[in-house]
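Chain by chain, the residues run as shown.
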Amino acid sequence: MARQLNKLSANEVKNASSSGKIRKLADGGGLTLVIKGDSRYWWLRYRFAGNEKTLSLGSYPQVSLAAARKARDEARALLQQKIDPSAHKRQESTQRVSDGENTFRTLCEDWYKQKHSVEVTEAHAVRNWRRLEIYTFPLLAKRPIRSIQPADILQVLDGIVKKGNVETAHRVKTLISLVFRYAVATSRVDSDVTRDLTGYLPNTQVKHQHALVRPDEASLLLKDIHAYQGHFATSAALKLSPLVFTRPGDTRQMRWEHIDFEKAQWELPTTKNGAPLIVPLSTQAITILNEIEPVTKHRSPYVFPNVRDAKRPMSNVAIKAALDRMGYGGRMTAHGFRAMARTLLQEELKYPVHLIEMQLGHRVADMHGRAYNRTEFLDDRRSMMQIWANYLDKLRED
(Lines give C-alpha, C1' and ligand atoms only; values in the text may rest on other atoms or scores of the structure.)
Protein backbone atom coordinates (compact mmCIF):
# COMPACT_ATOMS: atom_id res chain seq x y z
CA MET A 1 0.00 0.00 0.00
CA ALA A 2 1.44 3.39 -1.06
CA ARG A 3 2.25 5.80 1.72
CA GLN A 4 -0.11 8.74 2.06
CA LEU A 5 1.07 12.17 0.84
CA ASN A 6 -0.06 15.65 1.87
CA LYS A 7 -1.24 14.67 5.34
CA LEU A 8 -1.00 18.15 6.83
CA SER A 9 -3.40 21.04 6.40
CA ALA A 10 -2.40 24.69 6.17
CA ASN A 11 -4.05 25.40 9.54
CA GLU A 12 -2.18 22.55 11.26
CA VAL A 13 1.10 23.92 10.03
CA LYS A 14 0.15 27.48 10.98
CA ASN A 15 -0.97 26.59 14.53
CA ALA A 16 1.65 23.96 15.32
CA SER A 17 3.63 24.53 18.51
CA SER A 18 6.37 22.61 20.27
CA SER A 19 5.21 22.81 23.91
CA GLY A 20 8.88 23.09 24.86
CA LYS A 21 9.90 19.90 23.06
CA ILE A 22 11.11 19.21 19.53
CA ARG A 23 8.06 18.17 17.54
CA LYS A 24 7.93 16.66 14.06
CA LEU A 25 4.85 16.67 11.81
CA ALA A 26 5.07 14.36 8.81
CA ASP A 27 3.39 15.38 5.56
CA GLY A 28 4.35 12.19 3.70
CA GLY A 29 6.98 11.36 1.10
CA GLY A 30 9.74 12.21 3.58
CA LEU A 31 8.59 15.83 4.08
CA THR A 32 8.56 16.85 7.76
CA LEU A 33 7.84 20.09 9.61
CA VAL A 34 10.26 20.34 12.55
CA ILE A 35 9.14 22.59 15.41
CA LYS A 36 11.74 23.68 17.94
CA GLY A 37 10.81 26.50 20.26
CA ASP A 38 9.62 29.39 18.13
CA SER A 39 11.33 28.02 15.01
CA ARG A 40 9.63 25.93 12.34
CA TYR A 41 11.52 24.53 9.38
CA TRP A 42 11.12 21.87 6.71
CA TRP A 43 13.16 18.71 6.36
CA LEU A 44 13.12 16.16 3.61
CA ARG A 45 14.31 12.67 4.46
CA TYR A 46 15.28 10.39 1.58
CA ARG A 47 17.55 7.50 0.68
CA PHE A 48 20.27 7.72 -1.96
CA ALA A 49 22.81 5.01 -2.85
CA GLY A 50 21.66 3.02 0.18
CA ASN A 51 22.20 5.88 2.67
CA GLU A 52 19.57 7.90 4.52
CA LYS A 53 20.00 11.66 4.03
CA THR A 54 18.29 14.87 5.12
CA LEU A 55 17.80 17.98 2.99
CA SER A 56 16.78 21.33 4.50
CA LEU A 57 14.05 23.08 2.49
CA GLY A 58 13.87 26.32 4.48
CA SER A 59 11.96 27.91 7.35
CA TYR A 60 8.22 28.35 7.75
CA PRO A 61 6.43 30.68 6.97
CA GLN A 62 9.08 31.91 4.47
CA VAL A 63 8.61 28.55 2.79
CA SER A 64 4.91 27.73 2.77
CA LEU A 65 3.39 24.26 2.92
CA ALA A 66 2.69 24.40 -0.82
CA ALA A 67 6.26 25.50 -1.59
CA ALA A 68 7.70 22.74 0.61
CA ARG A 69 5.58 20.13 -1.18
CA LYS A 70 6.77 21.44 -4.54
CA ALA A 71 10.40 21.18 -3.40
CA ARG A 72 9.73 17.63 -2.16
CA ASP A 73 8.25 16.62 -5.53
CA GLU A 74 11.18 18.15 -7.39
CA ALA A 75 13.60 16.23 -5.17
CA ARG A 76 11.70 12.98 -5.78
CA ALA A 77 11.92 13.63 -9.53
CA LEU A 78 15.69 14.02 -9.20
CA LEU A 79 15.92 10.75 -7.30
CA GLN A 80 14.11 9.00 -10.15
CA GLN A 81 16.93 10.30 -12.41
CA LYS A 82 19.48 8.93 -9.91
CA ILE A 83 20.54 12.45 -8.90
CA ASP A 84 21.23 13.27 -5.24
CA PRO A 85 19.00 16.29 -4.32
CA SER A 86 21.56 17.56 -1.76
CA ALA A 87 24.40 17.50 -4.28
CA HIS A 88 22.11 19.14 -6.84
CA LYS A 89 21.29 21.94 -4.39
CA ARG A 90 24.98 22.57 -3.66
CA GLN A 91 25.71 22.70 -7.39
CA GLU A 92 22.91 25.23 -7.93
CA SER A 93 24.24 27.36 -5.06
CA THR A 94 27.74 27.29 -6.57
CA GLN A 95 26.31 28.23 -9.97
CA ARG A 96 24.42 31.20 -8.46
CA VAL A 97 27.68 32.47 -6.96
CA SER A 98 29.44 31.94 -10.28
CA ASP A 99 26.68 33.74 -12.17
CA GLY A 100 26.93 36.66 -9.77
CA GLU A 101 30.65 36.91 -10.43
CA ASN A 102 30.42 36.33 -14.18
CA THR A 103 28.06 39.00 -15.39
CA PHE A 104 28.23 40.27 -18.96
CA ARG A 105 29.98 43.44 -17.82
CA THR A 106 32.54 41.46 -15.81
CA LEU A 107 33.37 39.37 -18.87
CA CYS A 108 33.58 42.49 -21.03
CA GLU A 109 36.06 44.05 -18.61
CA ASP A 110 38.10 40.86 -18.44
CA TRP A 111 38.16 40.46 -22.25
CA TYR A 112 39.06 44.12 -22.75
CA LYS A 113 41.95 43.99 -20.26
CA GLN A 114 43.36 40.59 -21.20
CA LYS A 115 42.79 40.58 -24.96
CA HIS A 116 41.37 43.57 -26.78
CA SER A 117 43.40 46.42 -25.31
CA VAL A 118 46.67 44.60 -26.07
CA GLU A 119 45.73 43.40 -29.56
CA VAL A 120 44.49 46.61 -31.22
CA THR A 121 45.45 50.27 -31.13
CA GLU A 122 44.45 52.30 -28.10
CA ALA A 123 42.01 54.47 -30.04
CA HIS A 124 40.33 51.44 -31.60
CA ALA A 125 40.03 49.70 -28.22
CA VAL A 126 38.58 52.78 -26.50
CA ARG A 127 36.07 53.24 -29.33
CA ASN A 128 34.87 49.65 -29.01
CA TRP A 129 34.58 49.88 -25.22
CA ARG A 130 32.39 52.95 -25.67
CA ARG A 131 30.15 50.99 -28.05
CA LEU A 132 29.70 48.28 -25.41
CA GLU A 133 28.88 50.88 -22.77
CA ILE A 134 26.32 52.70 -24.89
CA TYR A 135 24.57 49.85 -26.66
CA THR A 136 24.89 46.69 -24.56
CA PHE A 137 25.30 47.60 -20.91
CA PRO A 138 21.83 49.13 -20.39
CA LEU A 139 20.23 45.72 -21.09
CA LEU A 140 22.98 43.18 -20.43
CA ALA A 141 25.56 44.55 -17.97
CA LYS A 142 24.20 42.88 -14.82
CA ARG A 143 22.99 39.70 -16.47
CA PRO A 144 24.90 36.47 -15.73
CA ILE A 145 26.53 35.69 -19.03
CA ARG A 146 25.20 32.12 -18.92
CA SER A 147 21.64 33.45 -18.83
CA ILE A 148 21.94 35.53 -22.01
CA GLN A 149 20.12 34.03 -24.98
CA PRO A 150 19.96 34.97 -28.71
CA ALA A 151 16.66 36.78 -28.06
CA ASP A 152 18.44 39.09 -25.60
CA ILE A 153 21.08 39.94 -28.19
CA LEU A 154 18.33 40.58 -30.76
CA GLN A 155 16.74 43.09 -28.40
CA VAL A 156 20.01 45.02 -28.28
CA LEU A 157 20.58 44.88 -32.04
CA ASP A 158 16.99 45.72 -32.99
CA GLY A 159 17.19 48.85 -30.86
CA ILE A 160 20.26 50.00 -32.79
CA VAL A 161 18.78 49.17 -36.21
CA LYS A 162 15.53 51.05 -35.43
CA LYS A 163 17.63 54.20 -35.02
CA GLY A 164 19.03 53.66 -38.51
CA ASN A 165 22.49 52.57 -37.38
CA VAL A 166 22.81 49.28 -39.25
CA GLU A 167 26.60 49.42 -39.50
CA THR A 168 26.85 50.05 -35.75
CA ALA A 169 24.59 47.06 -35.12
CA HIS A 170 26.99 44.85 -37.08
CA ARG A 171 29.94 46.19 -35.10
CA VAL A 172 28.18 45.65 -31.76
CA LYS A 173 27.22 42.09 -32.73
CA THR A 174 30.88 41.40 -33.52
CA LEU A 175 31.96 42.79 -30.15
CA ILE A 176 29.40 40.68 -28.27
CA SER A 177 30.64 37.65 -30.18
CA LEU A 178 34.25 38.40 -29.20
CA VAL A 179 33.25 38.63 -25.54
CA PHE A 180 31.34 35.33 -25.71
CA ARG A 181 34.20 33.60 -27.49
CA TYR A 182 36.53 34.77 -24.71
CA ALA A 183 34.02 33.46 -22.16
CA VAL A 184 34.00 30.09 -23.96
CA ALA A 185 37.80 29.97 -23.93
CA THR A 186 37.85 30.70 -20.18
CA SER A 187 35.10 28.13 -19.40
CA ARG A 188 32.48 30.67 -18.37
CA VAL A 189 29.93 29.67 -21.05
CA ASP A 190 29.52 26.72 -23.40
CA SER A 191 29.01 28.53 -26.70
CA ASP A 192 28.80 31.87 -28.50
CA VAL A 193 25.08 32.67 -28.67
CA THR A 194 25.55 35.17 -31.50
CA ARG A 195 26.38 32.41 -33.98
CA ASP A 196 22.65 31.65 -34.26
CA LEU A 197 22.05 35.21 -35.47
CA THR A 198 24.12 34.94 -38.65
CA GLY A 199 22.30 36.66 -41.49
CA TYR A 200 19.74 38.33 -39.23
CA LEU A 201 20.93 41.92 -39.57
CA PRO A 202 20.29 43.78 -42.83
CA ASN A 203 23.31 44.35 -45.04
CA THR A 204 25.19 47.59 -44.64
CA GLN A 205 25.57 50.07 -47.43
CA VAL A 206 29.22 50.23 -48.47
CA LYS A 207 30.58 53.72 -47.82
CA HIS A 208 33.45 54.74 -50.06
CA GLN A 209 35.92 57.22 -48.61
CA HIS A 210 36.34 60.32 -50.68
CA ALA A 211 39.68 60.21 -52.50
CA LEU A 212 41.50 61.77 -55.43
CA VAL A 213 42.99 58.95 -57.50
CA ARG A 214 43.92 60.51 -60.84
CA PRO A 215 47.46 61.85 -61.40
CA ASP A 216 46.22 65.35 -62.25
CA GLU A 217 44.05 65.45 -59.11
CA ALA A 218 46.92 64.20 -56.94
CA SER A 219 49.25 66.78 -58.50
CA LEU A 220 47.04 69.72 -57.53
CA LEU A 221 46.43 68.30 -54.03
CA LEU A 222 50.16 67.91 -53.37
CA LYS A 223 50.81 71.48 -54.51
CA ASP A 224 48.11 72.74 -52.14
CA ILE A 225 49.45 70.66 -49.23
CA HIS A 226 52.94 72.11 -49.61
CA ALA A 227 51.49 75.62 -49.77
CA TYR A 228 49.32 75.10 -46.67
CA GLN A 229 49.98 77.65 -43.90
CA GLY A 230 48.23 75.98 -40.94
CA HIS A 231 49.63 74.72 -37.64
CA PHE A 232 53.16 73.36 -38.07
CA ALA A 233 52.39 69.84 -36.82
CA THR A 234 49.25 69.61 -38.95
CA SER A 235 51.16 70.80 -42.00
CA ALA A 236 53.87 68.18 -41.39
CA ALA A 237 51.26 65.43 -40.93
CA LEU A 238 49.59 66.47 -44.18
CA LYS A 239 52.89 66.25 -46.06
CA LEU A 240 53.75 62.87 -44.52
CA SER A 241 50.32 61.27 -45.08
CA PRO A 242 50.63 60.59 -48.83
CA LEU A 243 54.21 59.35 -48.37
CA VAL A 244 53.34 56.64 -45.81
CA PHE A 245 49.59 56.14 -46.56
CA THR A 246 49.00 54.45 -43.21
CA ARG A 247 45.61 54.54 -41.51
CA PRO A 248 44.87 58.06 -40.23
CA GLY A 249 44.72 56.81 -36.64
CA ASP A 250 48.20 55.32 -36.94
CA THR A 251 49.57 58.47 -38.55
CA ARG A 252 48.29 60.88 -35.93
CA GLN A 253 49.43 58.55 -33.10
CA MET A 254 52.95 58.10 -34.51
CA ARG A 255 55.43 57.95 -31.62
CA TRP A 256 59.07 58.99 -31.67
CA GLU A 257 60.07 55.74 -29.95
CA HIS A 258 58.78 53.75 -32.95
CA ILE A 259 60.90 55.59 -35.52
CA ASP A 260 64.28 54.08 -36.37
CA PHE A 261 66.20 56.82 -38.18
CA GLU A 262 69.21 54.57 -38.70
CA LYS A 263 67.15 51.95 -40.55
CA ALA A 264 64.84 54.61 -42.02
CA GLN A 265 61.68 52.86 -40.96
CA TRP A 266 58.63 53.31 -38.75
CA GLU A 267 57.88 50.20 -36.69
CA LEU A 268 54.22 50.03 -35.64
CA PRO A 269 53.85 47.44 -32.85
CA THR A 270 50.14 47.01 -33.65
CA THR A 271 47.73 48.21 -36.31
CA LYS A 272 43.93 48.13 -36.54
CA ASN A 273 44.06 44.39 -37.20
CA GLY A 274 46.34 43.75 -34.25
CA ALA A 275 49.44 42.84 -36.27
CA PRO A 276 52.74 44.78 -36.41
CA LEU A 277 53.72 46.69 -39.53
CA ILE A 278 57.02 48.11 -40.76
CA VAL A 279 56.73 51.26 -42.85
CA PRO A 280 59.93 52.01 -44.82
CA LEU A 281 60.60 55.75 -44.76
CA SER A 282 61.69 57.47 -47.95
CA THR A 283 64.28 60.22 -47.87
CA GLN A 284 61.40 62.69 -48.26
CA ALA A 285 59.64 61.26 -45.19
CA ILE A 286 62.86 61.39 -43.16
CA THR A 287 63.29 65.05 -44.14
CA ILE A 288 59.81 65.89 -42.80
CA LEU A 289 60.51 64.05 -39.53
CA ASN A 290 63.87 65.79 -39.13
CA GLU A 291 62.11 69.15 -39.54
CA ILE A 292 59.50 68.45 -36.87
CA GLU A 293 61.77 66.61 -34.42
CA PRO A 294 63.20 69.72 -32.69
CA VAL A 295 59.68 71.19 -32.44
CA THR A 296 57.79 68.33 -30.79
CA LYS A 297 60.13 65.59 -29.54
CA HIS A 298 61.27 67.44 -26.41
CA ARG A 299 57.69 67.99 -25.21
CA SER A 300 55.67 65.01 -26.42
CA PRO A 301 55.98 61.24 -27.05
CA TYR A 302 53.95 61.87 -30.21
CA VAL A 303 55.40 63.13 -33.47
CA PHE A 304 52.18 65.09 -34.03
CA PRO A 305 50.94 66.14 -30.56
CA ASN A 306 47.58 67.66 -29.76
CA VAL A 307 47.54 71.45 -29.91
CA ARG A 308 45.99 71.77 -26.43
CA ASP A 309 47.66 68.84 -24.65
CA ALA A 310 51.07 67.56 -25.79
CA LYS A 311 50.55 64.32 -23.86
CA ARG A 312 47.83 63.37 -26.33
CA PRO A 313 48.08 62.78 -30.09
CA MET A 314 46.73 65.10 -32.73
CA SER A 315 42.93 65.30 -32.98
CA ASN A 316 41.32 62.70 -35.23
CA VAL A 317 39.73 65.48 -37.29
CA ALA A 318 42.78 67.74 -37.66
CA ILE A 319 43.87 66.49 -41.11
CA LYS A 320 40.31 66.37 -42.48
CA ALA A 321 39.68 69.88 -41.16
CA ALA A 322 42.82 71.10 -42.92
CA LEU A 323 41.74 69.45 -46.19
CA ASP A 324 38.32 71.06 -45.83
CA ARG A 325 39.90 74.48 -45.32
CA MET A 326 41.94 73.90 -48.46
CA GLY A 327 38.72 73.36 -50.40
CA TYR A 328 38.73 69.55 -50.54
CA GLY A 329 35.65 68.96 -48.38
CA GLY A 330 33.56 66.16 -49.90
CA ARG A 331 36.39 65.20 -52.27
CA MET A 332 39.27 64.08 -50.06
CA THR A 333 39.68 62.71 -46.53
CA ALA A 334 42.63 61.62 -44.42
CA HIS A 335 41.77 58.02 -45.31
CA GLY A 336 41.74 58.96 -48.98
CA PHE A 337 45.56 58.96 -49.15
CA ARG A 338 45.37 55.16 -48.88
CA ALA A 339 43.06 54.89 -51.87
CA MET A 340 45.26 57.30 -53.81
CA ALA A 341 48.36 55.20 -53.14
CA ARG A 342 46.63 51.90 -53.89
CA THR A 343 45.35 53.18 -57.25
CA LEU A 344 48.41 55.05 -58.50
CA LEU A 345 50.95 52.45 -57.34
CA GLN A 346 49.09 49.78 -59.27
CA GLU A 347 47.87 51.68 -62.33
CA GLU A 348 50.67 54.19 -62.88
CA LEU A 349 53.76 52.57 -61.32
CA LYS A 350 52.67 48.96 -62.08
CA TYR A 351 53.53 47.50 -58.68
CA PRO A 352 52.11 44.05 -57.85
CA VAL A 353 48.98 44.08 -55.72
CA HIS A 354 50.42 41.92 -52.94
CA LEU A 355 53.19 44.43 -52.21
CA ILE A 356 50.74 47.35 -52.12
CA GLU A 357 48.29 45.47 -49.91
CA MET A 358 51.02 44.41 -47.52
CA GLN A 359 52.19 48.00 -47.20
CA LEU A 360 48.60 49.08 -46.57
CA GLY A 361 48.59 46.70 -43.61
CA HIS A 362 46.02 44.36 -45.13
CA ARG A 363 46.03 40.59 -44.75
CA VAL A 364 47.68 39.04 -47.81
CA ALA A 365 47.78 35.28 -48.38
CA ASP A 366 50.14 33.20 -50.47
CA MET A 367 49.03 30.62 -53.03
CA HIS A 368 48.32 28.17 -50.20
CA GLY A 369 46.12 30.61 -48.30
CA ARG A 370 48.70 31.33 -45.61
CA ALA A 371 48.97 34.94 -44.51
CA TYR A 372 52.29 36.61 -45.24
CA ASN A 373 54.16 38.01 -42.27
CA ARG A 374 53.90 41.82 -42.22
CA THR A 375 57.71 42.07 -42.17
CA GLU A 376 58.22 40.09 -45.38
CA PHE A 377 59.27 41.60 -48.72
CA LEU A 378 60.76 44.52 -46.78
CA ASP A 379 63.47 45.26 -49.36
CA ASP A 380 60.90 45.27 -52.16
CA ARG A 381 58.60 47.52 -50.17
CA ARG A 382 61.45 49.84 -49.23
CA SER A 383 62.26 50.31 -52.92
CA MET A 384 58.58 50.82 -53.72
CA MET A 385 58.16 53.49 -51.03
CA GLN A 386 61.14 55.49 -52.32
CA ILE A 387 59.99 55.31 -55.91
CA TRP A 388 56.50 56.32 -54.75
CA ALA A 389 57.91 59.36 -52.94
CA ASN A 390 59.89 60.35 -56.04
CA TYR A 391 56.75 59.97 -58.15
CA LEU A 392 54.80 62.27 -55.78
CA ASP A 393 57.58 64.87 -56.04
CA LYS A 394 57.32 64.71 -59.82
CA LEU A 395 53.54 65.13 -59.68
CA ARG A 396 53.90 68.15 -57.40
CA GLU A 397 56.56 69.78 -59.54
CA ASP A 398 54.84 69.29 -62.89
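Located above this text is the structure these notes cover.
In this text, all values refer to a predicted model and were calculated from it rather than measured experimentally.

K.L.:
Break down the overall build of the chain for me, citing the residues and quoting the values.
P.N.:
In terms of helices and strands, the chain carries 15 helices and 7 strands. Expected size for 398 residues packed as a compact globule is a radius of gyration near 21 Å; at 34 Å, the chain overshoots this value by more than 25%. Once the C-alpha set of the chain is aligned to its principal axes, its extents read approximately 110 × 50 × 45 Å. Looking at the chain residue by residue over its 398 residues, the buried ones come to 42%. Put simply, 59% of the contacts in the chain that link residues at least 6 apart link residues at least 24 apart. Accessible area for the chain stands at about 21900 Å²; split by element, carbon and sulfur atoms hold 49% of it. A distance of 10 Å separates the average location of the 62 positive side-chain charges in the chain from that of its 43 negative side-chain charges.

K.L.:
Give me the sheet that holds strand E7 (residues 277–280): which residues, what numbers.
P.N.:
The pairing of strands in a sheet happens through backbone hydrogen bonds and is either parallel or antiparallel. Here we have 3 strands laid out as an open sheet, ordered E5-E6-E7, and antiparallel in their pairing. In this open sheet, the two strands that pair with only one neighbour each are strand E5 (259–260) and E7. Two elements, E5 and strand E6 (residues 265–268), share 2 bridges in a ladder whose sense is antiparallel. What sits directly across from Ile259, in E6, is Trp266.

K.L.:
How would you summarise helix H5 (residues 122–140) if you had to cite specific residues and measurements?
P.N.:
Its maximal kink placed at Ile134, H5 deviates by approximately 35°, while the proline Pro138 follows within four residues. For H5, the set of buried residues is Ala123, His124, Ala125, Asn128, Trp129, Arg131, Leu132, Thr136, Phe137 and Leu140. Buried positions along H5 lie against helix H4 (104–119), helix H6 (150–162), helix H7 (166–185) and helix H10 (248–252).

K.L.:
Give a detailed account of the side chain of Ser241, specifying residues and quantitative values.
P.N.:
Within the secondary structure layout, Ser241 lies in helix H9 (residues 232–244). Residue Ser241 is classed as buried on the basis of its relative accessible area of 6%. Excluding residues within four positions of it along the chain, Ser241 makes contact with Thr251, Ile319 and Phe337.

K.L.:
Kindly report on the pairing of E7, identifying the contributing residues and their values.
P.N.:
In E7, alternate side chains face the same way, and those of Leu277 and Val279 on one face and Ile278 and Pro280 on the other are all buried. Across 4 bridges, the pairing between E6 and E7 is antiparallel. Looking across to E7, one finds that Leu268 is bridged to Leu277.

K.L.:
Just give me the short version of the packing of aromatic side chains, but keep the residues and values in it.
P.N.:
Within the structure shown, the criterion is met by 8 aromatic pairs. Ring geometry for Tyr112 against Trp129: centres 5.2 Å apart, planes inclined by 55°, an arrangement best described as tilted. Of the two residues, Tyr112 sits in helix H4 while Trp129 sits in helix H5, which places them 17 residues apart along the sequence. Classification of Trp129 as buried rests on a relative accessible area of 16%. With a centroid separation of 5.5 Å and an interplanar angle of 75°, the aromatic rings of Trp129 and Phe137 are classed as edge-to-face.

K.L.:
How would you sum up the sheet that holds strand E3 (residues 39–48)? Please name residues and give values.
P.N.:
A sheet is described by the order of its strands in space; here 4 strands give the open sequence E1-E2-E3-E4, paired in antiparallel fashion. Where the open sheet ends on each side, the last strands, each with one partner, are strand E1 (23–28) and strand E4 (51–59). Taking each pair of neighbouring strands and ignoring which way they run, the sheet shows an average axis angle of 30°. Bridging between strand E2 (residues 31–36) and E3 involves 6 bridges; their strand directions are antiparallel.

K.L.:
Provide a residue-level description of the packing of H5 against H6, including the pertinent values.
P.N.:
Where H5 contacts H6, the two axes come as close as 10 Å, and the packing angle between them is 140°. By the angle class used here, H5 and H6 are oblique. For the pair H5 and H6, the crossing hand works out as right-handed. From H5, Tyr135, Thr136, Leu139 and Leu140 reach across to H6, where they touch Asp152, Ile153, Gln155, Val156 and Ile160. Looking at side-chain class alone, the contact of H5 with H6 contains 6 nonpolar, 2 polar and 1 charged residues.

K.L.:
Tell me about helix H11 (residues 283–296), residues and numbers included.
P.N.:
Since the α-helix advances by 3.6 residues per turn, residues separated by three or four positions end up pointing in the same direction. Here H11 spans 20 Å end to end across 14 residues, near enough to the 20 Å set by a 1.5 Å rise per residue. Every buried residue belonging to H11 is among Gln284, Ala285, Ile286, Ile288, Leu289, Ile292 and Thr296, and all of these are buried.

Thresholds, definitions, all that
- Residues numbered from 1 in each chain as written.
- Predicted model: local features only at pLDDT ≥ 70, side-chain atom pairs only at ≥ 80, totals over all residues.
- Heavy atoms only, no water.
- Helix = DSSP H or I, 4+ residues; strand = E, 2+ residues; numbered from the N terminus.
- Rg over C-alpha atoms; globule rule 2.2 N^0.38 Å.
- Buried < 20%, exposed > 50% of the residue type's maximum accessible area, 1.4 Å probe, protein only.
- Contact = heavy atoms within 4.5 Å.
- Areas by Shrake-Rupley, 256 points an atom, 1.4 Å probe, with all protein chains shown as cover.
- Lys, Arg positive; Asp, Glu negative; His and termini not counted.
- Charge placed at Lys NZ, Arg CZ, Asp CG, Glu CD.
- Pairing = 2+ DSSP bridges.
- Bend = angle between axes of the 7 residues up to and from the residue.
- Phe/Tyr/Trp six-rings, centres within 6.5 Å; stacked < 30°, edge-to-face > 60°.
- Axes fitted to C-alpha atoms, helices over the stretch in contact; angles between N-to-C directions.
- Parallel < 35°, antiparallel > 145°, perpendicular 65-115°, else oblique.
- Left-handed = near helix turned anticlockwise from the far one by under 90°.
- Nonpolar A, V, L, I, M, F, W, Y, C, P; charged D, E, K, R; others polar.
- Expected span 1.5 Å × (residues − 1).

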